[in-house]
Amino acid sequence: MRFALTEEQRDFRDAVDSLLRDANGVAASRAWAAGDTKPGLEIWRGLAAIGVHSLAGEYPVELCAAMERIGYHAAPGPYPESLAVATALSEWRPRIAAGAIVTAAVPPVSPYAPNADIAEACFPAADSQPVASLDPTRSLFRITERPQPEPAPAPAPAELILDTAALLTAAQLLGLGRAALDMTVAYAKQRVQYGRAIGEYQAVKHRLADAHTGLEFARPLVFAAALSAEPRDVSAAKAAASEAAYRAARAALQFHGAIGYTDEYDLSVYFKKIRSLHAAWGGPAFHRDRLLRDLGEL
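On a predicted model such as this, the values are computed, not experimentally measured, just so you know. Residue numbers here run from 1 along each chain, matching the order of that chain's written sequence. With the structure being a predicted model, the display of local features is reserved for residues of pLDDT at least 70 and the display and counting of side-chain atom pairs for 80 or more, all residues being used for whole-chain, interface and lining totals. Based on all heavy atoms of the structure, the side-chain values leave hydrogens and waters out of the count.

## Thoughts on helix α1 (residues 7–23)
Numbering goes from the N terminus for both helices and strands, where a helix is a DSSP run of H or I of at least four residues and a strand is a run of E of at least two. To estimate how far a helix should extend, the number of its residues minus one is multiplied by 1.5 Å. For α1, which comprises 17 residues, the first-to-last C-alpha distance of 24 Å matches the rise-based estimate of 24 Å (1.5 Å per residue) to within 8%. Within α1, burial applies to Q9, F12, V16, D17 and L20. Looking straight down α1, one finds its buried side chains confined to an arc of 140°; they lie on one side. Exposed residues on α1 whose side chains face more than 90 degrees from its buried face are E7, E8 and D22. Two residues form a contact once any of their heavy atoms are found within 4.5 Å. Summarising the contacts, the buried residues of α1 are in contact with α2 (25–33), α3 (38–49) and α4 (60–72). Buried residues are those whose accessible area, probed at 1.4 Å on protein chains only, stays under 20% of the maximum for their type, while exposed residues exceed 50% and partly exposed ones sit between those limits. Note that the arc is computed from the directions linking the helix axis to the C-beta atoms.

## Examining empty space enclosed by the protein
The rule is simple: put a 1 Å grid over the protein atoms alone, call a set of points where a 1.4 Å probe fits but cannot get out a cavity, call an open set with protein on both sides within 12 Å along at least five of seven lines a pocket, and count a residue as lining if it has an atom within 4 Å of a point. Grid points are joined across faces, edges and corners, and a volume is the space filled by probe spheres set on the points. A full pass over the atoms with the stated rule returns one cavity of 30 Å³ or more. Considered as a void within the structure, the largest cavity measures approximately 110 Å³ in volume. As for the largest cavity, its lining consists of 14 residues, of which G77, D135, R138, Q172 and L277 are closest to the centre. Residue assignment for the lining of the largest cavity shows that the elements contributing at least two residues are α5 (79–88) and α10 (266–279).

## Some thoughts on the packing of aromatic side chains
Only Phe, Tyr and Trp rings take part, Trp by its six-membered ring, and two of them pair if their centres are within 6.5 Å. Stacked means planes under 30 degrees apart, edge-to-face means over 60, and tilted covers everything else. Under the counting rule described, the total for this entry stands at two aromatic pairs. Seen from their ring centres, W92 and F123 are 5.7 Å apart, and the 85° between their planes marks the pair as edge-to-face. Of this pair, W92 sits in the loop between α5 and α6 (93–97) while F123 sits in strand β3 (residues 121–123), and the two are 31 residues apart along the sequence. Overall, W92 belongs to the buried group, its relative accessible area being 12%. Given the relative accessible area of 24%, F123 is considered partly exposed.

## Structural notes on the sheet that holds strand β4 (residues 126–131)
Two strands qualify as a pair provided that DSSP identifies no fewer than 2 bridges between them. An order of β2-β5-β4 is seen for the three strands of this open sheet, with the pairing classed as antiparallel. Across the chains shown, the open sheet's two edge strands, defined by having one partner strand only, are β2 (112–114) and β4. With direction set aside, neighbouring strand axes in the sheet form an average angle of 40°. One ladder, built from three bridges, connects β4 with strand β5 (residues 140–143); its direction is antiparallel. Axis lines are fitted to C-alpha atoms, over the contacting stretch for helices. Their N-to-C directions set the angle, which ranges from 0 to 180 degrees.

## Describing the nonpolar core
In this description, a nonpolar core means a group of buried Ala, Val, Leu, Ile, Met, Phe, Trp, Tyr and Cys residues linked to one another through side-chain atoms lying within 4.5 Å. Counting residues in each nonpolar core, the largest one holds 84 residues, and the members touching the most others are L47, C64, Y79, V85, I161, V222 and W281. The element that contributes the greatest number of residues to this core is helix α7 (residues 156–190), accounting for 16 residues. Setting aside residues up to four positions removed in sequence, I161 forms contacts with A84, V85, A88, A104, V106 and W281.

## Here's the deal with the pattern of salt bridges
Here a salt bridge means any side-chain nitrogen of Lys or Arg lying within 4 Å of a carboxyl oxygen belonging to Asp or Glu. Applying the stated criterion to the full structure yields 14 salt bridges. Between D263 and K272 there is a salt bridge, with the nearest N and O atoms lying 2.9 Å from each other. The exposure class assigned to K272 is partly exposed, which follows from its relative accessible area of 27%. One connected set of salt bridges, linked through shared partners, spans D17, R21 and R69.

## Here we look at the packing of α4 against helix α8 (residues 202–228)
A pair of packed helices can be characterised by two numbers: the angle between their axes and the separation between those axes. Axis separation between α4 and α8 bottoms out at 8 Å; the angle between their running directions is 145°. The two elements α4 and α8 meet at a crossing, and its hand is right-handed. Contacts from P60, V61, C64, A65 and E68 of α4 reach α8 at R219, V222, F223, A226 and L227. Under the convention adopted here, Pro, Cys and the residues Ala, Val, Leu, Ile, Met, Phe, Trp and Tyr are nonpolar, Asp, Glu, Lys and Arg are charged, and Gly plus all remaining residues are polar. For the contact of α4 with α8, a count of residues per class yields eight nonpolar, no polar and two charged. Handedness of a crossing is defined here by the sense of rotation of the near helix relative to the far one, left-handed for an anticlockwise turn of less than a right angle and right-handed for a clockwise turn.

## Quick notes on the environment of V222
Mapped onto the elements of the fold, V222 is located in helix α8. With residues near it in sequence (within four places) discarded, V222 still touches C64, L167, A170, A171, L174, A237 and A241.

Right, dumping it as structure tokens:
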């Protein structure tokens, strides 16, 4: 099967990309981390206005394409959580489509609700005080309801929220990883050592090629999961996208050197997001175990 977007889907993705490029998601993330959510919320409302939020529950492929661009431009906000709630709870779809912000957690896999301080609703309810987060734009809040003990299965809406949020986070990670890789390729062409651009060295080429290959292999898994909506496909996609984005981020930091860690450099915004989302809605180990359990039951 050939996983390629149709012309109409590509046009929609490009419209999302154009809006995000003009809005400067990196600057919005920096402002959000400093306590000013206004630029980020303007992006949120802009995406709602062109129909991104209304895709939830009906057009998963288009939604993943949009989430990839949201990741590429580092736009802040609880997009996977709000759109997962819209997918699982039809009564919330009109409000979220119009720009409402909601968030969610599904313990024990995802025990914290991100950005509950700006959300109109949280499923389930969350504490008022955040805990530390690797990504300062993704403040985390403990839920107040006690989770069910293992191995009791989650209720159907919670399971759907988990799968949808994991899938959309995987798509977001694809975009984040691709942006980190693109920045690194450009930097490797400019940075000179021993009289040559570092991108000319074979070891650098191989590392960047490995990062590119990982992202390219993860991408069809994400869109296949969007088409099938099978939990095992979602787990395969999330595990692959988490590891591919993290591999790209590590390569980016290695070749940028110390400058890549500085808050003033754009790469640091991407690295923090990738580190945070790598484990969000289940890390690679969780999803590999889940995939193996599911395959073992076939």
